[in-house]
4 protein chains.
Amino acid sequence: MSDTFGTNYQVTVFGESHGTAIGCVIGGLPAGFRIDFNLVRRDLERRAPGRDDTSTSRRESDEFEVLSGIFNDLTTGAPLTAVCRNADTRSRDYTPELPRPGHADLAAAAKYGGFADYRGGGHFSGRLTAPIVFAGSIAKQILRARHGIGIAARIASIHGETDADAQRETILAAKARGDSVGGVIECAASDVPMGWGEPMFRPIETEIAAIMFAIPAVKGVEFGDGFAFTARYGSEVSDGYGLDANGNLVALANHNGGINGGIANGEPVVFRAAIKPTPTISASQKTVNLQMREAVTHSFTGRHDPCIVPRAVPVIECATAIALMQYYII
Amino acid sequence: MSDTFGTNYQVTVFGESHGTAIGCVIGGLPAGFRIDFNLVRRDLERRAPGRDDTSTSRRESDEFEVLSGIFNDLTTGAPLTAVCRNADTRSRDYTPELPRPGHADLAAAAKYGGFADYRGGGHFSGRLTAPIVFAGSIAKQILRARHGIGIAARIASIHGETDADAQRETILAAKARGDSVGGVIECAASDVPMGWGEPMFRPIETEIAAIMFAIPAVKGVEFGDGFAFTARYGSEVSDGYGLDANGNLVALANHNGGINGGIANGEPVVFRAAIKPTPTISASQKTVNLQMREAVTHSFTGRHDPCIVPRAVPVIECATAIALMQYYII
Amino acid sequence: MSDTFGTNYQVTVFGESHGTAIGCVIGGLPAGFRIDFNLVRRDLERRAPGRDDTSTSRRESDEFEVLSGIFNDLTTGAPLTAVCRNADTRSRDYTPELPRPGHADLAAAAKYGGFADYRGGGHFSGRLTAPIVFAGSIAKQILRARHGIGIAARIASIHGETDADAQRETILAAKARGDSVGGVIECAASDVPMGWGEPMFRPIETEIAAIMFAIPAVKGVEFGDGFAFTARYGSEVSDGYGLDANGNLVALANHNGGINGGIANGEPVVFRAAIKPTPTISASQKTVNLQMREAVTHSFTGRHDPCIVPRAVPVIECATAIALMQYYII
Amino acid sequence: MSDTFGTNYQVTVFGESHGTAIGCVIGGLPAGFRIDFNLVRRDLERRAPGRDDTSTSRRESDEFEVLSGIFNDLTTGAPLTAVCRNADTRSRDYTPELPRPGHADLAAAAKYGGFADYRGGGHFSGRLTAPIVFAGSIAKQILRARHGIGIAARIASIHGETDADAQRETILAAKARGDSVGGVIECAASDVPMGWGEPMFRPIETEIAAIMFAIPAVKGVEFGDGFAFTARYGSEVSDGYGLDANGNLVALANHNGGINGGIANGEPVVFRAAIKPTPTISASQKTVNLQMREAVTHSFTGRHDPCIVPRAVPVIECATAIALMQYYII
């Protein structure tokens, strides 16, 4: 079931970077919901490349056509299918005999006996995050409308820089050298109902982490204080309880990122994802020509982002919404 | 399906810290495999408390009785069930009206309407990692015997200390003050067959992270360079390829922790997990008496570990084996 | 996932006929439910052998011990585990070299490379229906208490006889000859909420049929008019609608067995299951001695039922409850 | 997960009868397989309406466009998506205020709060069997090429008639009267590898029955002797074993339809499905005008088949292939 996420709000993703189309089928939608497709389009635009000089020059259409699941402008409860045809593909940039370092090329060739579509990374391409945004943007709307849940992600750092201007400069400098940089994205979900989540093998952390690692370039996920927990004392990170002016119980801190024992505790769910530097860089890299069986240094010239982090922000927001929808009861 | 992990090697875990028993049912075992129960016992002992003065004084039996799935000392292919009866429980330490900061108490009460077994954390207790070790220790043996896969975890740091003696000192110092510390565990799996893994929603990262966050106290997981990726240039972390003396393709680096596009690339799978400080500490913590509806400071006196990290090492090893077994074809 | 049924109310069944124990783990129980274990025991007794002279002489204990999931006599929301130790096993009746016609012996040996526990059918034994009854009897109570659903099964025919006295006679006559007979069981579930069910691949028919074929000896399942539909005209089996005295819409017939398009339509859900004659009979049967590689005729002397139908009635009732619990929202 | 079938060969089906399109996403395809799309088209044509005067006058295109999963004419291992745009829809035939007896209309309205697409049955339409045929026809090719499995279905009876000419006459006679008839389809799968299948909750019977009941109008499924078992003695239906001329073990009968204990025993897998008469008939039926709240008799004039059985034959064949692919290991 590698292409379907979720048991409750199920998102099946398909397509290849340079194939005919990409898209998704969404099961588990509540019936009678009016999707605001302008909001979906806005999230897709946030993810789209080519918005400014810090991203790839590939222009993607990202116009999704809805094939099923909507009637009289409302969801029907049946699966919603959306398809986006590929355009502006430049497949000549890709050759199967030169596996790109840091990409799935070599591992995929091993797994699929050389039959995988290697053009632009094929099914492994970051382009597949577009249907995740499509499905997740709808999920965000449902969570907002039905439970008042708000989800927002932001760049926490790029190549260690936390200041926005410095971030932009470090990207452009890397781009100028044909190099790339990564960064950290922080995401918070407010008003997740207390009690959402499951013990043992389905904690909220697992649902969120599971879909985060489906996003190419994500190599780490941490909740609340995360790795910083490991340098603190228990007494420093106690999320104690108190009473507010109205006598209601309140948490006095949120080191645990809104989750205890896998269950939402009423505080904002907070996590961070580590995004590695784009592996495709113009600078020469060492690889092997599989046909000639000889070591080469090669400069991969495909269009690529010097830093994928800005485009990953809406992806992480939308993926978080898909994860949380697993606890939503229609 | 919150208590079952996996679709291929399925581990269903049950029990409560102070209930009658804990245990697991393991489906998907290959038939005709001779399990070395001494190795299983050794892993359980590595996890068991009370081995030295750095852990809790609770003495757990951890003697599992096998109820099904073995015939003539070999696996049959039918599910293997193992049960471990609880002993040395001291339930008087636990009261439902005082939710413990950093624990599932409050969230679980919300989720289950106050009916959850709160004694010792009930189903949320770290004690439930014993059946994970049981099932994972068997998984380790199968992976080793059938594929030569070796899995080993180690303490990378405790409260920032990377030296073993310093680690021990920092634990004892925290213990003396009634405080607690966390740390980082690193785990590596060698010889994972190239091509294991899946694209999109079932990458190896997802399988491993999914089970890691099922381990209480794990709050972060990173693969390869993980969060450190975010401060490096793409050119610095290129896992290029070359040829060895025999003309075989070899990777020249392993920044990606043995995984590209979710698929094993032949290099060791490497990841780290962040373990938070034990939330139960003797030092006073702020909480609320739910019955009296008043804010109190309370010193929770239950037996607990000043640092759970050493006991978590075999848990992480065994959980990793369960995750990798999802790609094992009988 | 062959030993776990369900995604909502999950029943994992384990054990072998002549092994240490059989049992089940039940996930997805609502918290705070008081299970009446006397009712569970009564269903288990209805299934138990040796009640009268129409069944096997094996005496099974069927005393289940609950190991988890109950606290203060109420469900906790955590998985409930129940174990029943085997007794009165007589394994000398079984030899692996003589596969029994109509049993899983030969197919299981092929599947598991000869490592399956063959004693009494091992994991394939009808004894495994005891944990299904245990889990389903609880499901019946929940459905009754929370939704007023009533589930009742009855013998529709035995060897074609529909009269109870004739049924008993035909069983005893078959027994006297060392032969066996089968029959049809009809089951109805009243007050299944209109709208329960799913389209496409999860209609109510699929959930019920899926668990029915998990019961050894069930070889056919039909809903409403079932196979009799095929000899009738559409105009004869129209489940038209009308209005009752209060102006409420009512169905005028129930040929479809309470299900349209996979969804409960408010009428009783009605289906029938075909139970084949017990394959183990005292009369000689043709088989092959696998060791000697020679054809033989053999009279299998293990204790067995001349007719399993009466004991299957509570199994089918309880299995139906497990199927319907898949649509129950906690 | 109501719109996805399978864990190994996963078929996600979407669309509505009168919506933009129908289609499917197929996961779990082996890589490097050359699909013969002419064979797929042939199966789709066998299912298509309007081939002769025994079926509906609606002309469906049934031209599927493949959007993903194929590269250089071979499967890639990534999900294959196929879409078929709807044409020749005549939605004016359908009104939501008059629920059609025997259809999902009323139950679907209850389930989805009136938001379901009711035109032509919407997502519940028999039109959704086209993507099942598409995905199953590919499955048939894989099973044939890799395991030599042959799957063939045939009409066993229509309205009780077993002779082909009499069948045709009974259909035309029903059509002339504006009535409809059902029938029985028998399907056999040869050379299913001995050992395929699973015990307990995933027997072959369950996989096959589960997908059969996803086909609209199927109301009964029986394996081997099925319901006829219930009128026979155990001694009459013993599938004994013998040796053939080469000393190989052979089964002497196949009353169990090739399955014992849920596992394939090497004999042909044989089952029958009961197809009810099409519920939409020209003859007047009793229903209720939901808007007016009054009982009416109404003649539903939508184009429909007087007998769906002939068109269901390829659907059942293809659905069987999807079920068996669950045991296929890539």
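Scroll up to find the structure this text is about.
Keep in mind that what you see is a predicted model, and the values were worked out from it rather than measured.

Conventions and cut-offs
- Residues numbered from 1 in each chain as written.
- Chains lettered and ligands numbered in written order.
- Predicted model: local features only at pLDDT ≥ 70, side-chain atom pairs only at ≥ 80, totals over all residues.
- Heavy atoms only, no water.
- Pairing = 2+ DSSP bridges.
- Helix = DSSP H or I, 4+ residues; strand = E, 2+ residues; numbered from the N terminus.
- Contact = heavy atoms within 4.5 Å.
- Axes fitted to C-alpha atoms, helices over the stretch in contact; angles between N-to-C directions.
- Least-squares fit on C-alpha atoms with pLDDT ≥ 70 in both.
- Buried < 20%, exposed > 50% of the residue type's maximum accessible area, 1.4 Å probe, protein only.
- Phe/Tyr/Trp six-rings, centres within 6.5 Å; stacked < 30°, edge-to-face > 60°.
- Polar contact = N/O pair within 3.5 Å; in protein donor to acceptor, adjacent residues only side chain to side chain.

Participant: Is there a simple way to explain the sheet that holds strand S2 (residues 10-15) of chain A in this structure?
Facilitator: Two modes of strand pairing occur in sheets, parallel and antiparallel, and in both the strands are linked by backbone hydrogen bonds. Residues and elements named next belong to chain A. Strand order across the open sheet formed by five strands is S1-S2-S3-S7-S4, with antiparallel pairing between neighbours. Looking at strand neighbours, the two that pair on one side only are strand S1 (4-5) and strand S4 (65-68), the edges of this open sheet. Here six bridges tie strand S3 (residues 21-27) to strand S7 (residues 80-85), and the two strands are oriented antiparallel to one another. Bridge pairing in S7 places Ile22 opposite Cys84. Relative to S3, helix H3 (residues 129-147) is tilted by about 30°, and along the sheet it contacts S2, S3, S4 and S7.

Participant: For this particular structure, what's the right way to read the relation of the copies chain B and chain A?
Facilitator: Put simply, the second copy of the chain is the first one after a rotation about an axis and a shift along it. The transformation that overlays chain B on chain A combines an axial shift of 0.0 Å with a rotation of 180°, and the residual RMSD is 0.0 Å. The symmetry that links the two subunits is that of a two-fold axis.

Participant: Explain the pairing of strand S9 (residues 183-190) of chain C to me, please; I cannot follow it from the model alone.
Facilitator: Each regular strand displays side chains that alternate between the two surfaces of the sheet. Residues and elements named next belong to chain C. Among the eight residues in S9, six count as buried, and that is most of the element. When strand S8 (residues 150-158) meets S9, the two strands line up antiparallel, connected through eight bridges. Paired with Gly150 across the two strands is Ser190, which belongs to S9. With seven bridges connecting them, S9 and strand S15 (residues 269-275) associate as antiparallel partners. Paired with Val184 across the bridge in S15 is Ala274.

Participant: How should unusual backbone geometry be read in this particular structure?
Facilitator: The phi angle of most residues is negative, glycine excepted, and most peptide bonds adopt the trans form. All names here are of chain A. Look at Asp73: it is not a glycine, yet its phi comes out positive at around 70°. If you trace the backbone, Asp73 turns up in the loop between strand S5 (70-71) and strand S6 (74-75). Exposure remark for Asp73: the relative accessible area of 56% places this residue in the exposed category.

Participant: Honestly, the packing of aromatic side chains in this entry has me stumped. Any pointers?
Facilitator: Where two aromatic rings form a pair, the distance of their centres and the angle of their planes describe that pair. Applying the stated criterion across every chain yields a total of 26 aromatic pairs over all chains. Note on Phe213(C) and Phe223(D): the rings are 5.1 Å apart at their centroids and 85° apart in plane angle, and the pair reads as edge-to-face. With one member in each of two chains, Phe213(C) in the loop between helix H5 (204-212) and strand S10 (218-223) and Phe223(D) in strand S10 (residues 218-223) form a pair that bridges those chains. A relative accessible area of 0% places Phe223(D) in the buried class.

Participant: Can you walk me through the environment of Gln326(B) in this structure?
Facilitator: Residues and elements named next belong to chain B. Along the polypeptide, Gln326 turns up in the segment after helix H6 (309-324). With relative accessibility at 5%, the residue Gln326 sits in the buried group. Along the backbone, Gln326 and Ile204 are 122 residues apart, and their C-alpha atoms lie at a distance of 9.3 Å. Apart from the residues lying within four places of it in its own chain, the contact partners of Gln326 are Phe5, Gly6, Thr7, Asn8, Tyr9, Arg202 and Glu207. Within polar-contact distance, the side chain of Gln326 engages the backbone nitrogen of Asn8 at 3.0 Å. At a separation of 2.8 Å, a polar atom in the side chain of Gln326 contacts the main-chain carbonyl oxygen of Tyr9.

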